[in-house]
Amino acid sequence: GTGYWASLLQARGADVVAYDLAPPDQLPNAYRFEPRTWTTVLQGGVEVLDRYTDRTLFLCWPGYRDAFADHALAAYAGSRLVYVGEDAGGNTANADFFDRLTRAWSLDRQISLPQWPGAHDLMRIYHRQ
């Protein structure tokens, strides 16, 4: 994505490393119409996760029925996850992601967010069981 959430976290003092398969300021990105980012967004996918086992994985609005979130969660060896999106059956991630989440992760906290009309997303913070 554009690094918007990463920039908000950085403004609050968090040490964030942001990645996208196609950072919009570097490559064509089907989800962004303008080549703008809010902070540095590096190009990379799940293959970079083994570099960051001491960090929290942050997944924000993974594509509807897309396997990326499930692949990221399978590749991630760390112990903390922040997920922003809808529940299983909603407009984010695929069923395999939610199955993996249910089997291997425990919910610590759920935070309400301002929502676009028709969206039902929340921020959820998990730890690995």
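How each quantity is defined
- Residues numbered from 1 in each chain as written.
- Predicted model: local features only at pLDDT ≥ 70, side-chain atom pairs only at ≥ 80, totals over all residues.
- Heavy atoms only, no water.
- Pairing = 2+ DSSP bridges.
- Helix = DSSP H or I, 4+ residues; strand = E, 2+ residues; numbered from the N terminus.
- Axes fitted to C-alpha atoms, helices over the stretch in contact; angles between N-to-C directions.
- Contact = heavy atoms within 4.5 Å.
- Core = buried A, V, L, I, M, F, W, Y, C linked by side-chain atoms within 4.5 Å.
- Buried < 20%, exposed > 50% of the residue type's maximum accessible area, 1.4 Å probe, protein only.

Attention now goes to the sheet that holds strand β3 (residues 57-60). Spatial strand order, β3-β4-β6-β5: four strands in an open sheet with mixed pairing. Edge positions in the sheet fall to β3 and β5 (105-112), since each of these pairs with one other strand and no more. The average undirected angle you get between the axes of adjacent strands in this sheet is 20°. Where helix α2 (residues 68-75) meets the sheet, it contacts β3, β4 (80-85) and β5, and its direction lies at approximately 175° from that of β3. Running over the sheet, helix α3 (residues 95-104) touches β3, β4, β5 and β6 (122-128) and is turned about 115° from β5.

Let us now look at the nonpolar core. Within the largest apolar cluster, 15 residues are counted, with the highest numbers of intra-cluster contacts made by Leu59, Leu81, Phe97 and Leu101. Among the elements of the structure, β3, α2, β4 and α3 are those that each provide at least two residues to this core. By size, the runner-up hydrophobic cluster in this structure holds five residues, among which are Val82, Val84, Met123 and Ile125.

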